[in-house]
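Each chain, letter by letter, is given below.
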2 protein chains.
Amino acid sequence: MDLSHETELEGRAVAFFRLLQDRIVGELASLDGQPFQEDAWDRPGGGGGRTRVLSDGRVFERAGVNFSDVHGELRPEFSRTLPGDGTHFRATGISLVLHPRSPRVPTVHANLRFLRRGGATWFGGGTDLTPYYLVDEDAVLFHRALREVCDRHDKSFYPRFKRWCDRYFYLPHRKEPRGVGGVFFDYLGAGAEATAGEVAPPAASECEQDAESVFAFVRDLGEHMMKPYQEIVARRRGEPWGEGEREWQLLRRGRYVEFNLVYDRGTLFGLRTDGRTESILMSLPPEVRWRYDFAPKPGSPEDLSLQAILAQRNWAEGTVGR
Amino acid sequence: MDLSHETELEGRAVAFFRLLQDRIVGELASLDGQPFQEDAWDRPGGGGGRTRVLSDGRVFERAGVNFSDVHGELRPEFSRTLPGDGTHFRATGISLVLHPRSPRVPTVHANLRFLRRGGATWFGGGTDLTPYYLVDEDAVLFHRALREVCDRHDKSFYPRFKRWCDRYFYLPHRKEPRGVGGVFFDYLGAGAEATAGEVAPPAASECEQDAESVFAFVRDLGEHMMKPYQEIVARRRGEPWGEGEREWQLLRRGRYVEFNLVYDRGTLFGLRTDGRTESILMSLPPEVRWRYDFAPKPGSPEDLSLQAILAQRNWAEGTVGR
């Protein structure tokens, strides 16, 4: 293993994620018309980050875009679930969750990260879309854009990472996916050691990508993943909605909270290991409702939207007008 | 071990919890002026329950009172964290969470339960108070009423169970207790085997209570635990509040959600083992807000209330007028 090369890659990954945060925040601020506030923070155990949040914007009720570059020692029982050796780690990446005000505009989440444990390094991340009122064309646009990026690097990526996303962003206690999915991957570039983790990764042999190729894919995804979302915002932001649509949005946001607090590995890892709580929980929606035993009226727009989400369709295949 | 006696105790515990639900629901409905809806449900793995919920009441924005009596097989890795032997279990009990509409009225939670794993049986439960605008006299009233019940049975109960409650209802990622506490206990009556569990119980020798004495304590607590809360509701329900107080209540309810979804063992156990989701999550508040990096203005009523909660005081000692 060429340690100097790894270190150089690490430095480039850090620089890329930092610049990507700048670029995405710039684009979102201009889309919304409101500025982000910035908090730089240090992690007691090593490293730190830069959290940027937009609250009460025109488009976004809350938009959070976080960059972090942290390192230190993993708890032994946690380190055993990761590729590599020992307890020393470094993790750098960007994560964002955008909660629009309008129920016509979907929520989106994206995360890209580089990890090193001992001598093993890998990339992970993905992006997924959570519509309240699903418009088929939007899900198709989102998935096709992701497939296009994936296909430039490896034809096996999109189908594998789409399935992985469907499995990961799923609420077993509700028997519901979180939304229409997208792509999700982990341990990419870690080689044959990539067999750990709660969500089983694909067979290790499929992951045998060299670090440079993987980084090229991650850069490409980072540079293009927000484009379909911005197009969806442009399509939907002017559409009318009222109290009924707002109520449905707030109830569905409850599912977002349930997923992030009960299942999301990044959230739980952060909360339990001295992460900066406000940066971790900026993923939670600004306003949420729960109603006992609520179900949408059969055949209503809310019900049809939910049924389409439950179907976990192959959106990139183009099922519009079925 | 006298199995016939255990079975007879079990039957009496089930009957007591069922009647207690009737009584508490009757009292709350008359306090609120609105009726509860009832859902009877079966658990696929064995047993079932009766969930009663009041929504959009005059006093309560949501009040949920659940009775359950379930049995079946525990997953082996979970069963190892409990006293007793084997994987067969029975669990019966009552649990309630009341979310008042007025920010002047505290939220309250209570739970009493009987468990059997193999040849071991025990009781657990407790009750804790979560004020938004803390009035010292209310916390004192609540704790003194609990101490009075405890003292009738064992002078060591109240101080031990008060500390246990303070440790259990705590959010490490916020470094905040959930509220002013109350009492919490587990494994009571299980004898020397009671050494398992995430929250370390007191030394087993302290728990050497015979099952009949423990059941007498649980009955006494069940019959008296709601009285101080009803008195607090009577004191506070007429007090005025506005948008500012409502905002603070909704933000603090976010902490309630964080505790229940990230830490509460009953909630997580239920969600991960085929429990009835709507009965488990009726504990969540009907409306919640999160604001990025919010802290109350130093010296404001919200700040003073939070500071008093952070202090985890010995309320039963009477600190009013300090």
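Here the structure is a predicted model, which is why all the values come from computation and not from measurement. (Residues numbered from 1 in each chain as written. Chains lettered and ligands numbered in written order. Predicted model: local features only at pLDDT ≥ 70, side-chain atom pairs only at ≥ 80, totals over all residues. Heavy atoms only, no water.)

Participant: Hey, could you run me through the overall build of chain A in this one?
Facilitator: Secondary structure assignment for chain A yields ten helices and ten strands. The principal-axis extents of the C-alpha atoms in chain A amount to approximately 60 × 40 × 35 Å. Here chain A holds 322 residues, and 60% of them are scored as buried. A sequence separation of at least 24 residues applies to 70% of the contacts in chain A between residues at least 6 apart. A total of about 12,500 Å² of accessible surface is found on chain A, and carbon and sulfur atoms cover 51% of it. In chain A, 44 side chains carry a positive charge and 48 a negative one; their mean positions are 3 Å apart. (Helix = DSSP H or I, 4+ residues; strand = E, 2+ residues; numbered from the N terminus. Buried < 20%, exposed > 50% of the residue type's maximum accessible area, 1.4 Å probe, protein only. Contact = heavy atoms within 4.5 Å. Areas by Shrake-Rupley, 256 points an atom, 1.4 Å probe, with all protein chains shown as cover. Lys, Arg positive; Asp, Glu negative; His and termini not counted. Charge placed at Lys NZ, Arg CZ, Asp CG, Glu CD.)

Participant: I keep staring at empty space enclosed by the protein and nothing clicks. Help me out?
Facilitator: Here the idea is plain: a probe the size of a water molecule rolls over the atoms and shows the empty space left. Counted under the stated rule, the structure contains four cavities of 30 Å³ or more. There is about 50 Å³ of room inside the largest cavity. Lining of the largest cavity is provided by Arg62(A), Glu278(A), Leu281(A), Met282(A), Arg174(B), Trp290(B), Arg291(B) and Tyr292(B). The class makeup of the residues in the lining of the largest cavity is four nonpolar, no polar and four charged. (1 Å grid on protein atoms, 1.4 Å probe; cavity = no way out; pocket = protein on both sides within 12 Å on 5 of 7 lines; lining within 4 Å. Points joined across faces, edges and corners; volume = space filled by probe spheres on them. Nonpolar A, V, L, I, M, F, W, Y, C, P; charged D, E, K, R; others polar.)

Participant: Whenever I open this one, the layout of surface pockets confuses me. Can you help?
Facilitator: What the second largest pocket holds in volume is close to 460 Å³. Around the second largest pocket, the lining is made up of 25 residues, and of these Thr277(A), Glu278(A), His173(B), Arg174(B) and Arg255(B) lie nearest the centre. Secondary structure elements with two or more residues in the lining of the second largest pocket: helix H8 (265-272) and helix H9 (277-280) of chain A together with helix H7 (243-263) of chain B. No other element matches H7(B), which puts four residues into the lining of the second largest pocket. Taken together, the residues of the lining of the second largest pocket sort by class into ten nonpolar, four polar and eleven charged.

Participant: Quick question: what am I supposed to make of the relation of the copies chain B and chain A here?
Facilitator: Copy one and copy two of the chain differ by a rotation about a common axis and a shift along it. When chain B is fitted to chain A, the residual RMSD is 0.0 Å, and the transformation amounts to a turn of 180° plus an axial shift of 0.0 Å. Taken together, the rotation and translation relating the two chain copies correspond to the operation of a two-fold axis. Using C-alpha coordinates, one finds that chain B approaches the rotation axis most closely at Val288(B), a distance of 2.6 Å. A symmetric contact is evident, with 97% of the interface residues of chain B recurring at the interface of chain A. (Least-squares fit on C-alpha atoms with pLDDT ≥ 70 in both.)

Participant: Just checking my understanding: could you explain the sheet that holds strand S5 (residues 107-117) of chain A for this structure?
Facilitator: Adjacent strands of a sheet pair through backbone hydrogen bonds, lying either parallel or antiparallel. Residue and element names in this part refer to chain A. Pairing is antiparallel across the open sheet formed by seven strands, whose spatial order is S1-S2-S3-S4-S5-S6-S9. Lying at the two open borders of the sheet, with one neighbouring strand each, are strand S1 (37-42) and strand S9 (181-188). In this sheet, neighbouring strand axes are inclined to one another by 5° on average, regardless of whether the strands run parallel or antiparallel. Note that strand S6 (residues 120-130) and S9 share six bridges and pair antiparallel. Bridge assignment links Phe123 to a residue of S9, and that residue is Leu188. Relative to S9, helix H3 (residues 136-151) is tilted by about 30°, and along the sheet it contacts S5, S6 and S9. (Pairing = 2+ DSSP bridges. Axes fitted to C-alpha atoms, helices over the stretch in contact; angles between N-to-C directions.)

Participant: Explain the side chain of Arg52(B) here, please?
Facilitator: Residues and elements named next belong to chain B. Examined against the element boundaries, Arg52 turns out to sit in strand S2 (residues 47-55). Judged by relative accessible area, Arg52 falls into the buried class, the value being 11%. Polar contacts involving the side chain of Arg52 include one to the side chain of Glu38, which spans 2.9 Å. (Polar contact = N/O pair within 3.5 Å; in protein donor to acceptor, adjacent residues only side chain to side chain.)

Participant: Explain the pattern of salt bridges to me, please; I cannot follow it from the model alone.
Facilitator: When charged atoms on two side chains of opposite charge get close, those side chains can pair. This model, assessed by the stated rule, comprises 68 salt bridges over all chains. The salt bridge partner of Arg236(B) is Asp138(B), with a shortest N-O separation of 2.8 Å. A residue pair is termed long-range when its members are at least 10 positions apart, and Arg236(B) in helix H6 (residues 227-236) and Asp138(B) in helix H3 (residues 136-151) qualify at 98 residues. A single burial state applies to Arg236(B) and to Asp138(B), both of which are buried. Connected via shared salt-bridge partners are Glu61(A), Arg246(A), Arg253(A), Glu287(A), Glu247(B), Arg289(B) and Arg291(B). (Salt bridge = Lys/Arg side-chain N within 4 Å of Asp/Glu carboxyl O.)

Participant: Explain the environment of Pro240(B) here, please?
Facilitator: Residue and element names in this part refer to chain B. Looking at the element boundaries, Pro240 is found in the loop between H6 and H7. Overall, Pro240 belongs to the exposed group, its relative accessible area being 66%. Each C-alpha atom of the pair Pro240 and Thr7 lies 51 Å from the other, and the pair is 233 residues apart in sequence.

Participant: Looking at this structure, I do not really get the interface of chain B and chain A. What am I missing?
Facilitator: It is common to give the size of an interface as the accessible area that goes away when the parts come together. Taken together, the 31 residues of chain B in the interface contact 30 residues of chain A. Both faces combined, the contact of chain B with chain A buries some 2,800 Å², and carbon together with sulfur accounts for 53% of it. Three residues, Glu278(B), Trp290(B) and Tyr292(B), lead the burial of chain B against chain A; their summed loss comes to 29% of the area buried on that side. Note that Asp293(B) and Arg276(A) form a salt bridge whose closest N and O atoms lie 3.7 Å from each other. Elements with a contribution of two residues or more to the side of chain B that touches chain A: strand S1 (37-42), S2, H7, helix H8 (265-272), helix H9 (277-280) and strand S10 (287-289) of chain B. (Buried area = accessible area lost by both parts, 1.4 Å probe.)

Participant: Please clarify how the nonpolar core should be interpreted in this entry.
Facilitator: Buried together is how nonpolar side chains tend to be arranged in soluble globular proteins. In terms of nonpolar packing, the biggest core is built from 170 residues, with Phe17(A), Phe217(A), Phe17(B) and Phe217(B) touching the most fellow members. Setting aside residues up to four positions removed in sequence, Phe217(A) forms contacts with Val149(A), Cys150(A), His153(A), Phe157(A), Phe161(A), Phe185(A) and Leu188(A). (Core = buried A, V, L, I, M, F, W, Y, C linked by side-chain atoms within 4.5 Å.)

Participant: Looking at this structure, I do not really get helix H4 (residues 157-168) of chain A. What am I missing?
Facilitator: In an α-helix there are 3.6 residues to a turn, and that puts residues three or four apart on one side. Over its twelve residues, H4(A) runs 16 Å from end to end, which matches the ideal 16 Å to within 8%, given 1.5 Å per residue. Turning to H4(A), its buried residues are Phe157(A), Tyr158(A), Arg160(A), Phe161(A), Lys162(A), Trp164(A), Cys165(A), Asp166(A) and Tyr168(A). (Expected span 1.5 Å × (residues − 1).)

Participant: What's the story with the packing of H3(A) against helix H5 (residues 211-224) of chain A in this structure? I'm lost.
Facilitator: If you want to describe how two helices pack, look at the angle between their axes and the distance between the axes. All names here are of chain A. Interaxial distance between H3 and H5 falls to 9 Å at its minimum, and their mutual angle equals 155°. Looking at the two axes, H3 sits roughly antiparallel to H5. Like other packed secondary-structure pairs, H3 and H5 cross with a definite hand, here right-handed. Of the residues in H5, those in contact with Leu146, Val149 and Cys150 of H3 are Phe217, Asp220, Leu221 and His224. Looking at the contact of H3 with H5 residue by residue, the classes come out as five nonpolar, one polar and one charged. (Parallel < 35°, antiparallel > 145°, perpendicular 65-115°, else oblique. Left-handed = near helix turned anticlockwise from the far one by under 90°.)

Participant: Would you mind showing me how to read the state of the cysteines here?
Facilitator: Where two cysteines share a covalent bond between their sulfur atoms, that bond is called a disulfide. Residues and elements named next belong to chain A. On inspection of all chains with the given rule, the structure shows zero disulfides over all chains. Left unpaired, Cys165 is separated from the closest cysteine sulfur, that of Cys150, by 11 Å. The exposure class of Cys165 is buried, given its relative accessible area of 1%. (Disulfide = S-S within 2.5 Å.)

Participant: Quick question: what am I supposed to make of the environment of Leu304(B) here?
Facilitator: All names here are of chain B. Note on placement: Leu304 falls in helix H10 (residues 301-310). Classification of Leu304 as exposed rests on a relative accessible area of 53%. Taking C-alpha positions, Leu304 is 8.7 Å from Tyr133, a pair spaced 171 residues apart along the chain.

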